[in-house]
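# Remarks on the overall topology
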Amino acid sequence: MTQIIILGATGSVGETTFRVVQAEPERVSVDGLVANTQGERLWAMGRALQARWIGLADYAAGAALRRQHPSGAPRIAAGMDDILAEIAASPATKVIGAMSGFSGLLPTLTALENGKDILLANKETMVAAGDLVQKVAHESGQKIIPVDSEHSAIFQCLAPGQPVRRILLTCSGGPFRGRSREDLRSVTVEDALHHPNWSMGAKITVDSATLMNKGLELIEAHHLFSVPYEQVEVLIHPQSIVHSLVEFVDGATMAQLGWPDMAVPVQVALSWPERWAMDSLPLDLTRQPLTFDPPDTGTFEALTIARQAGLAGGLMPTVLNAANEVAVSLFMARSIAFLSIIDIIKEVLNDFADNEEVSGLAQILEADQWARTQAADVAMRYRQ
Ligand code: MG
């Protein structure tokens, strides 16, 4: 029996994990569940899974939930300090990292430092602090297993001792595939939130519309698989059936295919190196054409910007991630236009003059904070 903690339990990957775990009561039990503010949903999940504790990162929401449910089963942690203490003391051996954004970093580090493997869906953690997270995982002897569908595909294709020539990261192209820059001037929040293939949270869906999601995934792949940026390419594949490919040094190329359903990468991460049966829809390739195209990097500059930030290394990806989080939230609040998301990120990256090698968490927190303030300042000129 594997004991786990689910971070970001009420989000899209968290809810998927909830269903996967409920179907495997003999194999997986849940010690703790963490969300940001959605207390009632988290409470219901905690009761259903008989979790020992649940935690809300928002202190006020956690305190309110405690007043509502004073019974203490499950116990309720309020605020990040409480949650980190619960993670550190938990007997769980695996943590699903499915929080959204930079907020996943501290719980991820705490889990690794306390003997837990990370099943990682929260790509922002890897982008903002990839070197540090890998260093902590290495020092504590813990594994990081990808849950992001493309990275799960790569993880499943790789084989120990087999050198790689190229990784081909597939990308649906998002809701605006085929559009010109001119077309994108007037797109709305609703347009951006309408993803053709995947049902996901709002932040990642907007990232999929700018293609910054793929830019972040490029940096994530670099860190997860220790491959140079030159060996990672992006391939537009509108059907989202081929989840990514690995080309080995002899030219042999392996791919992982399946319908777009996050239950598979979640279960693969939980069961690895075993595979468990799942009641999933079989692929019918006689009815499903597969097409591939190069990305339009002229219209979707996010890919180029992310690659440059990754190549610059140090704190530049931290700054990229923070500026993106701020710009996306301003777009969702209808304060800026869609194209301004990337314009703001570009300005913030240009303004960042203190890039340096990362030696610890303090530097990352400082660069993240600087980039958030700078992005908010820059955005004043883009307000609509
Ligand atoms: Mg992905």
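You'll find the structure just up there.
Structure report, in brief. (Residues numbered from 1 in each chain as written. Predicted model: local features only at pLDDT ≥ 70, side-chain atom pairs only at ≥ 80, totals over all residues. Heavy atoms only, no water.)

### Details of the coordination of the magnesium ion
Note on the magnesium ion: its protein donors are D148 (OD), E150 (OE) and E217 (OE). The metal-donor distances range over 2.1 Å. Between consecutive donors of the magnesium ion, the numbers of intervening residues give the motif D-x1-E-x66-E. Here E150, found in helix α7 (residues 149–157), pairs with E217, found in helix α11 (residues 212–225); they are 67 residues apart in sequence, far enough to count as distant. (Donors = N, O, S within 2.8 Å, 3.2 Å for Na, K, Ca; no water. Helix = DSSP H or I, 4+ residues; strand = E, 2+ residues; numbered from the N terminus.)

### Quick look at helix α1 (residues 12–22)
Every α-helical turn comprises 3.6 residues, leaving residues that sit three or four positions apart pointing alike. Most of α1 is tucked away: eight of the 11 residues are buried. Lining the buried residues of α1 we find β1 (2–7), β2 (28–35), α2 (39–48), β5 (94–97) and α12 (263–271). (Buried < 20%, exposed > 50% of the residue type's maximum accessible area, 1.4 Å probe, protein only. Contact = heavy atoms within 4.5 Å.)

### Considering the pattern of salt bridges
Going through the model one piece at a time under the given rule, you end up with 22 salt bridges. Between E190 and R334 there is a salt bridge; the shortest N-O distance is 2.8 Å. Of the two residues, E190 is situated in helix α9 (residues 189–192) and R334 in the loop between α14 (316–332) and α15 (338–351); the sequence distance between them amounts to 144 residues. The residue K214 makes a salt bridge to E217 at a minimum N-O spacing of 2.7 Å. Here the residue K214 and the residue E217 both occupy positions in helix α11, the gap between them amounting to three residues, near one helical turn. The same class applies to K214 and to E217, which are both buried. Through salt bridges with shared partners, a single network forms among K123, D148, E150, K214 and E217. (Salt bridge = Lys/Arg side-chain N within 4 Å of Asp/Glu carboxyl O.)

### Here's the deal with the layout of surface pockets
When its volume is computed, the largest pocket comes out at roughly 920 Å³. What lines the largest pocket is a set of 50 residues, and nearest its centre among them are A98, M99, S100, G201 and I204. Of all the secondary-structure elements, those providing two or more residues to the lining of the largest pocket are α1, β2, α6 (123–140), α7, β8 (164–171), α10 (202–210), α11 and β10 (242–248). Considering every element that reaches the lining of the largest pocket, the biggest residue donor is α10, with five residues. The class makeup of the residues in the lining of the largest pocket is 18 nonpolar, 24 polar and eight charged. Formed jointly, the lining of the largest pocket draws a minimum of three residues from each of two domains, domain 1 (2–146) and domain 2 (163–259 + 284–382). Of the volumes computed, that of the second largest pocket is approximately 360 Å³. For the lining of the second largest pocket, the secondary structure elements donating two or more residues are α7, β11 (253–257) and α12. (1 Å grid on protein atoms, 1.4 Å probe; cavity = no way out; pocket = protein on both sides within 12 Å on 5 of 7 lines; lining within 4 Å. Points joined across faces, edges and corners; volume = space filled by probe spheres on them. Nonpolar A, V, L, I, M, F, W, Y, C, P; charged D, E, K, R; others polar. Domains from an automatic or database assignment.)

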